[in-house]
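Structure at a glance
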Amino acid sequence: AMMAVFGFPVSHSDDPLRAVTSAIRMQELVAVYNRERAEKGLPPVKVGIGINSGSVVAGNMGCDRKLDYTVIGDPVNVASRLAGRASGGQVLISHATFERVGNRVLAESLGAHPVKGRAERVEIYEVRALLASPAFAA
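Residues numbered from 1 in each chain as written. Predicted model: local features only at pLDDT ≥ 70, side-chain atom pairs only at ≥ 80, totals over all residues. Heavy atoms only, no water.

**What about the overall build of the protein chain?**
To keep things clear, this is the line we draw: The helix count covers DSSP runs of H or I at least four residues long, the strand count covers runs of E at least two residues long, and both are numbered beginning at the N terminus. Remark: exposure states derive from per-residue accessible area (1.4 Å probe, protein chains only) relative to the maximum for the residue type, with buried under 20%, exposed over 50%, and partly exposed in between. Residues are treated as being in contact if the distance between any of their heavy atoms lies within 4.5 Å. Only the protein chains shown count as cover for residues, and all accessible areas are computed by the Shrake-Rupley method using a 1.4 Å probe. Charge assignment in this entry is limited to Lys and Arg as positive and Asp and Glu as negative, and neither His nor the chain termini are counted. To locate a charge, take NZ of a lysine, CZ of an arginine, CG of an aspartate or CD of a glutamate.
In terms of regular secondary structure, the protein chain is built from 3 helices and 6 strands. In the protein chain, the succession of α and β elements from N to C terminus is α-β-β-β-α-β-α-β-β. For the protein chain, the C-alpha atoms occupy an extent of roughly 45 × 40 × 35 Å along the three principal directions. With 138 residues in all, the protein chain has 31% of them scored as buried. Long-range pairs, those at least 24 residues apart, make up 59% of the contacts in the protein chain between residues at least 6 apart in sequence. When the accessible surface of the protein chain is totalled, it reaches about 8800 Å², and 54% of it is carbon and sulfur. Between the centroid of the 16 positive side chains of the protein chain and the centroid of its 13 negative side chains there is a distance of 5 Å.

Written out as structure tokens, the structure is:
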């Protein structure tokens, strides 16, 4: 598993769109890689991606011997659960992320699903494509 964080240490108003754009690009590159693997008779690599948006705590965590810069909080846990639910090639986003990018992506609602560690269900969307190539501000 891998975690990428958008908005730290510098926040942008379009961080959720940056995350979704990166996820789509990652899936495109995995598809290219898998074509190369297929030519060699190797099995495909399957990557599922989950994205959530929200306020988290960021900083160095650990002990004197080993510190890691990380983020913690419910939004991180939901993103992890979405990633675990995503099958190879899928990009799943929460309603919180969809609200921030909905007019820029083609996404299908998969309904509200129970998520481990939460009492309420999470509305999940599968991202199909970007509706327009974003131009990101620096």
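**Points about the sheet that holds strand S4 (residues 91-94)**
Applicable threshold: Strands qualify as paired when DSSP identifies two bridges or more between them. Axis definition: a line fit to C-alpha positions, over the contact stretch in the case of helices; interaxial angles, taken between N-to-C directions, run 0 to 180 degrees.
Pairing in this open sheet of 4 strands is mixed, and the strands run S1-S4-S6-S5 from one edge to the other. Whereas interior strands pair on both sides, the edge strands pair on one side only; in this sheet they are strand S1 (49-51) and strand S5 (105-113). Along the sheet, successive strands turn relative to each other by an average axial angle of 30 degrees, direction set aside. Pairing geometry for S5 and strand S6 (residues 122-130), over 8 bridges, is antiparallel. Pairing of Val-105 across the sheet is with Leu-130, part of S6. Contacting S1, S4, S5 and S6, helix H2 (residues 74-85) runs over the sheet at an angle of about 150 degrees to S1.

**Quick notes on the pattern of salt bridges**
To keep things clear, this is the line we draw: Any carboxyl oxygen of Asp or Glu that lies within 4 Å of a side-chain nitrogen of Lys or Arg is treated as forming a salt bridge with it.
If you walk through the whole model with that rule in mind, you get 7 salt bridges. The salt bridge partner of Asp-14 is Arg-18, with a shortest N-O separation of 2.8 Å. Across the pair, exposure class does not vary: Asp-14 and Arg-18 are buried alike. In this structure, Arg-118 and Glu-120 form a salt bridge, with 3.0 Å as the shortest nitrogen-oxygen distance. Classification of Glu-120 by relative accessible area gives partly exposed; the value is 44%. Salt bridges linked by common partners bring Asp-74, Arg-118 and Glu-120 together as one network.

**Re the nonpolar core**
Formally: Here, nonpolar core means buried Ala, Val, Leu, Ile, Met, Phe, Trp, Tyr and Cys residues that are tied together by side-chain atoms lying within 4.5 Å of each other.
Core analysis: the largest hydrophobic core is formed by 13 residues, its most contacted members being Val-20, Ile-51, Val-91, Ile-93, Val-101, Val-105 and Val-127. Where this core is concerned, the elements lending two or more residues are helix H1 (15-39), S1, S4 and S6. Looking at which element gives the most residues to this core, the answer is H1, with 5 residues. In this view, Val-20 contacts Ile-51, Ile-93, Thr-97, Val-101, Val-105 and Val-127; residues no more than four positions away in its chain are not counted. One finds Val-78, Val-115, Val-122 and Ile-124 within the second-largest nonpolar core, a separate group that totals 7 residues.

Everything listed here is a matter of coordinates, which is why it stays silent on function.
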